[in-house]
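Topology and contacts: notes
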Amino acid sequence: MLKINNLNINYGGINAVRDVSFDVEEGSIITLVGANGAGKSSILRSIAGVVTPKSGTIEFCGENITGLPAEQVVKKGITLVPEGRRIFPDLTVLENIRIGAYLRKDSLDEDIKWVYDLFPRLKERSWQMAGTLSGGEQQMLAVARALMSRPKLMMMDEPSLGLAPLIVRDIFTIIKEINKQNGVTILLIEQNANMALKTADRGYVLETGVIKLEGTGAELLANEEVKKAYLGK
Amino acid sequence: MITTLLTGISVGGQYALIAIGYTMVYGILRLINFAHGDVFMVSGMMLIWFVSSTPITIAVPLIIVVTVVLGFLIERAAYLPLRNAPRMSAMISAIGVSYLLQNVITYLTGGQPMTYPTIPLLAKTVGIFGTKQTMATIVTLPMVIVLVISLSFLINHTKVGMAMRAVSKDFETSRLMGIKINNVISVTFIIGSALAAVGSVLYFSNYSKIVAVSGALPGLKAFVAAVFGGIGSIPGAVIGAFIIGICENLIKATPYSVFSDAFTFAILVVVLIFRPTGIFGEKTVDKV
């Protein structure tokens, strides 16, 4: 579904990502794990169209989308849940949800009901300003907002960042549910490698802009190097 | 006294129409559009020229359209290319546009004051509270109220309004939603320019002649009003504008009328000392 070929990204004069290639298969959950500054975010941001890669290609459903501006990437069915949630604090919860479907012209009622069923907390807080939500609720809102564009591929940048372990577990459960029930392909990047690899079908380990290891989630979890470097065991 | 108050309210309303343009552009771009007062002046000049060849009923809508186009083009030509530059660069560009407009008009008019046409409908005098007032004085307030209500409906209850609020907070995330940032910014300039054009008709109809720098002082006062009300806030700008318009005219009614402009700016200094973010200034809640 998504094919990344020899992607190179420069960021403030630094080679943030070097010759990275990987595939995301339709219907799967893929994760990129790696330390801070390994280039994970840069990869997602270049797929989403907010950063232009220096070289390499990004193919989505057989179409070359390299360098396409963000507004058009969303239209193709790719959405990004950005790092730190980035919900719109002085829009209401419902407005945040609606704005996720900005490009859609059809009725949103069914989708709103769907995301409210996924996250009942948001329904209770529908009229509240999004900035007043707790961190976990904001993360749920960011996911709900992303789902409103009816994505084929949902990319998530550090969804567990700054959240309590219980909430992290809830969020990962819902990610799996969205993937299984609605067939949304997930590309996830995480510093919380343990949680990410347990959830993912396939994982890639990124180190200073280069892919060092790849394998199924279970394989990587069992790998000695990964254990030492990322799982603290 | 009643005359002073009514004049104050109407001048305040005229400042409000300009101030909204300043505050909206600031809200979305964090840019002080110094050229806004001059766009207002160009709008006045346009009416003078159009009136010589078309009836006033056509000329007025026509200058609104032309002013909107001017505002749109200024943004595309002078601010859009600097979107990712430091904020100060766009500000300097705005000052440049301001002088450009003034100089072009000075060139075209040969620096001569131009006679502003009498708009029969606005110049008509009517009796109110036992005083005689021009229509321009009377209609400003209801007009501002209608425009501000429509504008807040647009911002709070339409899709483009929602996009404007989103863009004003976070460019990148707005793009991720599929919002075309530049179109939303253009809409902001279009609204600001349209209101300035309406304001110019009402404001200049109080004057017999206008010159190339006629936009500078009302522009500056509207800017003060926007800062006074809390720049970025539309209700703030409107209330600020009314306060300034009324205070200014109250001073003009005293023997110290020479100081009326100085007074306006003194208010600004005092307000900024006690409330640096203005009356309705942005709350700085950073819970993200």
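Here, every reference points to the structure presented above.
Description of the structure in this document. (Residues numbered from 1 in each chain as written. Chains lettered and ligands numbered in written order. Predicted model: local features only at pLDDT ≥ 70, side-chain atom pairs only at ≥ 80, totals over all residues.)

1. Some points on the sheet that holds strand β4 (residues 55–60) of chain A
Residue and element names in this part refer to chain A. What the four strands build is an open sheet, ordered β2-β1-β4-β5; its pairing is antiparallel. In this open sheet, the two edge strands, each paired with only one partner strand, are β2 (14–24) and β5 (63–64). Packing against the sheet, helix α1 (residues 40–48) makes contact with β1 (2–11), β2 and β4, and its axis sits at approximately 110° to β1. (Pairing = 2+ DSSP bridges. Helix = DSSP H or I, 4+ residues; strand = E, 2+ residues; numbered from the N terminus. Contact = placed C-beta atoms within 7 Å. Axes fitted to C-alpha atoms, helices over the stretch in contact; angles between N-to-C directions.)

2. Focus: unusual backbone geometry
All names here are of chain A. In this structure, asparagine 6 takes a positive phi of about 45° despite not being glycine. Inspection of the secondary structure assignment puts asparagine 6 in strand β1. The phi dihedral of glutamate 158 is positive, around 50°, even though this residue is not glycine. Inspection of the secondary structure puts glutamate 158 in the loop between β7 (153–157) and α7 (165–182). Judged by the 23 C-beta atoms lying within 10 Å of it, glutamate 158 is buried. (Buried ≥ 20, exposed ≤ 12 C-beta atoms within 10 Å, placed from the backbone.)

3. Some thoughts on the interface of chain B and chain A
Put simply, an interface is often sized by how much accessible area is lost when its parts join up. Contacts between the two partners involve 17 residues from chain B, matched on the other side by 21 residues from chain A. At five residues, helix α7 (residues 159–169) of chain B tops the list of elements feeding residues into the side of chain B that touches chain A. Here the side of chain B that touches chain A is built from residues that sort into eight nonpolar, two polar and seven charged. (Nonpolar A, V, L, I, M, F, W, Y, C, P; charged D, E, K, R; others polar.)

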